[in-house]
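Tertiary structure, described
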Amino acid sequence: MSSLSTLLLLLRYKCPPIPPSRFFLLPSPTLQKPPPPPPLLILPNHLRRKPRLSRPVAAPPGAMSAQGALSEALALIQSAPPTWKSAVFSNLLIFVGGSPILVAGLSAPGIGAAFLLGTLTWRAFGPSGFLLVAAYFVIGTAATKVKMAQKEAQGVAEKRKGRRGPGSVIGSSAAGCVCAFLSIFGIGGKAFSHLWLLGFIASFCTKLSDTVSSEIGKAYGKTTYLVTTFKIVPRGTEGAVSLEGTIAGIVASVLLASASFLLGQIKAPEAVICVAASQIANLGESIIGAAFQEKEGFRWLNNDAVNIINISMGSILAVLMQQVFVPNM
């Protein structure tokens, strides 16, 4: 027996046989299943957390108070019909904002008198009535300041460089104040309410025409005549008129009456009536000034008193002319 055969016999008896499956089949790994999910925990309603709702961001207390004050102020100004409270508050705001213009045209007591006039006007005729008086003041002050140095050199300028005092304010607005009171207290009822407004407007048209004609006549009048005798007199003479001043006064009256028409206060025929009444009253004022002012026995008839007579004539004439020519309006 060959050595190879002997070796194979020894291996057969000493080594156990290996099954075929040990060479060809590998043990398959055990697959582990994932653990089941934990059971869902359901809480009672009283233990559940409620979702948070986003709250609106509140404005700071200061901003809220300022906004509320502004809204209240606007509501007060726009009160319809106007009240005494709204009139005082509105005038206070306007006078504070317009103080540079007021100081240029009025003395300190004059500003106080103008505040009372403005409050009364706002209460009676509202913002449009106040705007009319403001336009009168601005135009009148501008005319007074024209060529002030020349007027001062000639001795015909208004005192305090044209800054008017309470006497001038009262003398210029007395008739308008009467109309305002008649309107506030409802004298005559609705049938007369429009007449009081017309008289109010006519009084300021009359005074503005008088102021502008006088101041422009002092500044630019080439020839000045005494209205009663047509004698040539120096500028600034009481009762004297000039062509330049008369034209300027008519233009001023037309401007103020047109403003009242555009503001819806009066109709076009009534605006014409205001202009006509103002010129008739100014002619009467010139006659009174030339014949009686500061003459013997009429020392009390100073410029302020003549102004009251002048604007009263313009106001009364306008009301009478409206009743005669356009009674149905």
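Residues numbered from 1 in each chain as written. Predicted model: local features only at pLDDT ≥ 70, side-chain atom pairs only at ≥ 80, totals over all residues. Heavy atoms only, no water.

1. Considerations on the overall build of the protein
- Helix and strand counts for the protein come out as 12 helices and 2 strands.
- Starting at the N terminus and walking to the C terminus, you meet the elements of the protein as α-α-α-α-α-α-α-α-α-β-β-α-α-α.
- Put simply, of all contacts in the protein between residues at least 6 apart along the chain, 70% involve residues at least 24 apart.
- Summed over its atoms, the accessible surface of the protein is roughly 20400 Å², and 70% of this surface lies on carbon and sulfur atoms. (Helix = DSSP H or I, 4+ residues; strand = E, 2+ residues; numbered from the N terminus. Contact = heavy atoms within 4.5 Å. Areas by Shrake-Rupley, 256 points an atom, 1.4 Å probe, with all protein chains shown as cover.)

2. Some words on helix H4 (residues 84-97)
- With 14 residues, H4 ought to run about 20 Å at 1.5 Å a step, and its terminal C-alpha atoms sit 20 Å apart, in line with that.
- Looking at H4, one finds that the buried residues are Ser86, Ala87, Ser90, Asn91 and Phe95. Down the axis of H4, the sector holding all buried residues measures 150°, keeping them to one side. Structural note: H4 exposes Lys85, Val96 and Gly97 on the side pointing more than 90 degrees away from its buried face. (Expected span 1.5 Å × (residues − 1). Buried < 20%, exposed > 50% of the residue type's maximum accessible area, 1.4 Å probe, protein only. Arc of directions from axis to C-beta.)

3. Focus: unusual backbone geometry
- The phi dihedral of Arg160 falls on the positive side, at around 55°, and the residue is not glycine.
- By the secondary structure assignment, Arg160 is in the loop between helix H7 (148-154) and helix H8 (166-184).
- Classification of Arg160 by relative accessible area gives partly exposed; the value is 46%.
- Its identity is not glycine, yet Phe230 carries a phi of approximately 60°, on the positive side.
- Relative to the assigned elements, Phe230 resides in the loop between strand E1 (224-226) and strand E2 (240-242).

4. Regarding the packing of aromatic side chains
- All chains considered together, the criterion is met by 9 aromatic pairs.
- Members of the aromatic cluster, joined through ring pairs, are Phe125, Tyr136, Phe200 and Phe204. (Phe/Tyr/Trp six-rings, centres within 6.5 Å; stacked < 30°, edge-to-face > 60°.)

5. Structural notes on the pattern of salt bridges
- One pass over the full model with this rule turns up 7 salt bridges.
- A salt bridge links Lys151 to Glu215; the shortest N-O distance between them is 2.7 Å. Of this pair, Lys151 sits in helix H7 while Glu215 sits in helix H9 (residues 190-220), placing them 64 residues apart in sequence. Each member of the pair Lys151 and Glu215 is classed as buried.
- Between Asp210 and Lys207 there is a salt bridge, with the nearest N and O atoms lying 3.1 Å from each other. Of this pair, Asp210 and Lys207 both sit in helix H9, separated by 3 residues, roughly a single helical turn. No difference in accessibility class separates Asp210 from Lys207, as the two residues are buried.
- Taken together, the shared-partner salt bridges connect Lys151, Glu158, Arg164, Glu215 and Lys218 into one network. (Salt bridge = Lys/Arg side-chain N within 4 Å of Asp/Glu carboxyl O.)

6. Describing the side chain of Lys218
- In this fold, Lys218 is placed in helix H9.
- Not counting residues up to four positions away in its chain, the partners in contact with Lys218 are Gln150, Lys151, Gln154, Val156, Glu158, Arg235 and Gly236.

7. Describing the confidence of the model for the protein
- Confidence along the protein averages 85 in pLDDT terms, with 79% of residues attaining 70 or more.
- Put simply, helix H2 (residues 21-24) is where the protein has its lowest mean pLDDT, 48, and helix H10 (residues 243-262) is where it has its highest, 97. (pLDDT = per-residue confidence, 0-100.)

8. Overview of the nonpolar core
- One finds Phe200, Ile201, Phe204, Val212, Leu256 and Cys274 to be the most contacted residues of the largest nonpolar core, which totals 45 residues.
- Of all elements in the fold, only H4, helix H6 (108-145), H8, H9, H10, helix H11 (268-291) and helix H12 (303-325) reach the threshold of two or more residues within this core.
- It is H6 that provides the largest number of residues to this core, a total of 13 residues. (Core = buried A, V, L, I, M, F, W, Y, C linked by side-chain atoms within 4.5 Å.)

9. Some thoughts on the packing of H9 against H10
- At a closest axis distance of 7 Å, the pairing of H9 and H10 adopts a crossing angle of 150°. Comparing the axis directions of H9 and H10 gives the class roughly antiparallel. As for the relative orientation of H9 and H10, their crossing is right-handed in sense. Side by side, H9 and H10 meet where Ile201, Phe204, Cys205, Leu208, Ser209, Val212, Ser213, Ile216, Gly217 and Tyr220 of the first sit next to Glu244, Gly245, Thr246, Ala248, Gly249, Ile250, Ala252, Ser253, Leu256, Ala257 and Ser260 of the second.
- Partitioned by chemical class, the residues of the contact of H9 with H10 number 12 nonpolar, 8 polar and 1 charged. (Axes fitted to C-alpha atoms, helices over the stretch in contact; angles between N-to-C directions. Parallel < 35°, antiparallel > 145°, perpendicular 65-115°, else oblique. Left-handed = near helix turned anticlockwise from the far one by under 90°. Nonpolar A, V, L, I, M, F, W, Y, C, P; charged D, E, K, R; others polar.)

10. Section: the state of the cysteines
- In this structure the tally under the stated criterion is 0 disulfides.
- Here Cys205 is not cross-linked by a disulfide; its sulfur's nearest cysteine counterpart is in Cys274, at 5.0 Å. (Disulfide = S-S within 2.5 Å.)

11. Observations concerning a nonpolar patch on the surface
- Residues Leu243, Ile247, Val251 and Leu255 make up a contiguous nonpolar surface patch of about 400 Å² in total accessible area.
- Among the structural elements, Leu255 can be located in helix H10.
- Among the residues examined, Leu255 registers a relative accessible area of 51% and is labelled exposed. (Patch = residues over 30% accessible without salt bridge, like charges linked within 9 Å, V, L, I, M, F, W, Y side chains within 5 Å.)

12. Observations regarding the packing of H8 against H12
- Contact geometry for H8 and H12: axes closest at 8 Å, N-to-C directions at 25°. Taken together, the axes of H8 and H12 lie roughly parallel to each other. At the point where H8 passes H12, the crossing takes the right-handed sense. Side by side, H8 and H12 meet where Gly167, Ser168, Gly171, Ser172, Ser173, Ala174, Ala175 and Cys179 of the first sit next to Asp304, Asn307, Ile308, Ile311, Ser312 and Ser315 of the second.
- Considering only residue class, the contact of H8 with H12 consists of 5 nonpolar, 8 polar and 1 charged.

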